[in-house]
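Residue-level structural notes
What follows is each chain in one-letter form.
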Amino acid sequence: MKGHLKLVDTGELHELTNVSIVGRSDECQIAVPDPRVSRRHAMIRKQDGGFYLFDLGSFNGSYLNGSRVTAAKQLKSGDIISLAEHEFQFQQDGGTITENLDELGGSTIALIRSTPVIILVSDIMGYTAMSEAMGADDLAQVIGSWYSDVEAIISSSGGTVDKFIGDCVLAYWTKVDEESIKAALQTAAKLFESSDRIYGMHSEIFDQIGSRFNLGLALHAGKVAYGGLSQGESTLVGDPVNLTFRLESLTRELKQQVLLTGDFQRQIPADFVETKNLGVHKVKGRAQGVEVFALTSFPAS
């Protein structure tokens, strides 16, 4: 499966990679030298057997078929993406066969191999209420800033963003060793620093709706099936993935920002962070309870 963007005015064709950033900066995969276009304006990610468009908190917005993008949108051949007055037509060649393999995805997976990984799941607390209270332009800048920061923070730490699902991110590290454990914890700290920064940038908007920009986050280490949806695209499948999603949903119930499974907590290097044992908790879809720890201190910068 391949994807392209064609600049409508000139016919210039850009082949899309797994993650293609569109913006004014020369460092972007698709550079648009126009001062009305933000340096990192939009992102197109290959995930779940297709291509998804994300606005990255741009000032003037990204538009899909005339509507401003406020959350991730799957692209279809012929769609028109507009940045300022620049129009791109999306083209996709090929696709994937779908089967219901598990509740997190339905794409046929090839080249499956089993491997231990560190799994991170994080989402925005109270996103539904926030999206209903904010105007579309404000929401696009807030959620776009979050998409941009998450992609950059996780990639720079040696992790991989598997997918964004609305306001939620699934990411992983392909080794479970001291270096990767530390990287995952440092990533968690940076994601919360980012949430504070995003709130500070848009504090007037949040104050108007009586809200803040808060995250919930979960970390787990386990063995998963790791396979390709299409050439160059891999995804995680298995009970450890489902467990991490369930654990993240417990952050509200337990009133904790970051939760860890015992499998992850026992591998943290001594004195790197502080944790608190919250006991064994039931999670949906599992007969046995899960030992849960709260992260009570972040690693030093």
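Predicted, not measured: the structure shown is a model, and the values here were computed from it.

**Points about the overall build of the chain**
For the chain, the count of helices and strands is 6 helices and 21 strands. Rg of the C-alpha trace for the chain: 20 Å, near the compact-globule value of 19 Å for 301 residues, within the 12% margin. Along the longest, intermediate and shortest principal axes, the C-alpha atoms of the chain span 60 × 50 × 30 Å. Nonlocal contacts in the chain, meaning residues at least 24 apart in sequence, comprise 59% of its contacts between residues at least 6 apart. Approximately 13800 Å² of the chain is accessible, and the part contributed by carbon and sulfur atoms is 46%. Distance between charge centroids for the chain: 4 Å, based on 27 positive and 38 negative side chains.

**So, helix α2 (residues 136-156)**
The first and last C-alpha atoms of α2 sit 30 Å apart over 21 residues, in line with the 30 Å expected at 1.5 Å per residue. Two residues or fewer after α2 comes Gly 158, characterised by a positive phi angle close to 90°.

**Quick look at the packing of α2 against helix α3 (residues 178-201)**
It is at 10 Å that the axes of α2 and α3 come closest, and there the two elements cross at 155°. Between α2 and α3, the interaxial angle falls into the category roughly antiparallel. For α2 against α3, the interelement crossing comes out right-handed. Across from Val 142, Ser 145, Trp 146, Asp 149, Val 150, Ile 153 and Ile 154 in α2, the residues of α3 making contact are Thr 187, Lys 190, Leu 191, Ser 194, Arg 197, Ile 198 and Met 201. Residue composition of the contact of α2 with α3, by class: 8 nonpolar, 3 polar and 3 charged.

**Re the pattern of salt bridges**
Here the structure, examined in full by the defined rule, presents 13 salt bridges. Linking Asp 149 and Arg 197 is a salt bridge whose minimum nitrogen-to-oxygen distance equals 2.5 Å. Of this pair, Asp 149 sits in helix α2 while Arg 197 sits in helix α3, placing them 48 residues apart in sequence. Using a relative accessible area of 38% as the deciding quantity, one classes Arg 197 as partly exposed. For Asp 263, the salt bridge identified is with Arg 266, shortest N-O distance 3.6 Å. Exposure remark for Asp 263: the relative accessible area of 42% places this residue in the partly exposed category. By relative accessible area, Arg 266 is classed as exposed at 53%. Bridged by salt links that share partners, the residues Asp 34, Arg 36 and Glu 85 form one connected network.

What counts and how
- Note on numbering: residues in each chain are counted from 1, in written sequence order.
- The predicted origin of the model limits local features to residues at a pLDDT of at least 70 and limits the giving and counting of side-chain atom pairs to 80 or more, whereas totals for whole chains, interfaces and linings rest on all residues.
- Just so you know, side-chain values use all the structure's heavy atoms and leave hydrogens and water out.
- Under the scheme used here, helices are H or I runs from DSSP no shorter than 4 residues and strands are E runs no shorter than 2 residues, and both carry numbers assigned from the N terminus.
- In this setup the radius of gyration rests on C-alpha atoms only. A globule is expected at 2.2 Å times the number of residues raised to 0.38.
- Residue contacts follow a heavy-atom distance rule, with two residues in contact if any of their heavy atoms lie within 4.5 Å.
- Here the Shrake-Rupley method, with its probe set to 1.4 Å, supplies the accessible areas, and only the displayed protein chains count as covering residues.
- A residue counts as positive if it is Lys or Arg and as negative if it is Asp or Glu; His and the chain ends are not included.
- To locate a charge, the coordinates of NZ of Lys, CZ of Arg, CG of Asp or CD of Glu are taken.
- An expected span of 1.5 Å times one less than the residue number is assigned to each helix.
- Orientation is described by axes fitted as lines to C-alpha atoms, over the contacting stretch for helices, and by angles from 0 to 180 degrees between their N-to-C directions.
- Here the angle decides the label: under 35 degrees means roughly parallel, over 145 means roughly antiparallel, 65 to 115 means roughly perpendicular, and every other value means oblique.
- Each crossing gets its hand from how the near helix is turned against the far one by less than a right angle, where anticlockwise is left-handed and clockwise is right-handed.
- Throughout this entry, Asp, Glu, Lys and Arg are counted as charged residues, while Ala, Val, Leu, Ile, Met, Phe, Trp, Tyr, Cys and Pro are counted as nonpolar. The remaining residues, Gly among them, count as polar.
- The working definition used for a salt bridge is a side-chain nitrogen of Lys or Arg within 4 Å of a carboxyl oxygen of Asp or Glu.
- For the exposure calls, accessible area comes from a 1.4 Å probe over protein chains only, and a residue counts as buried if that area is under 20% of its type's maximum, exposed if over 50%, partly exposed in between.

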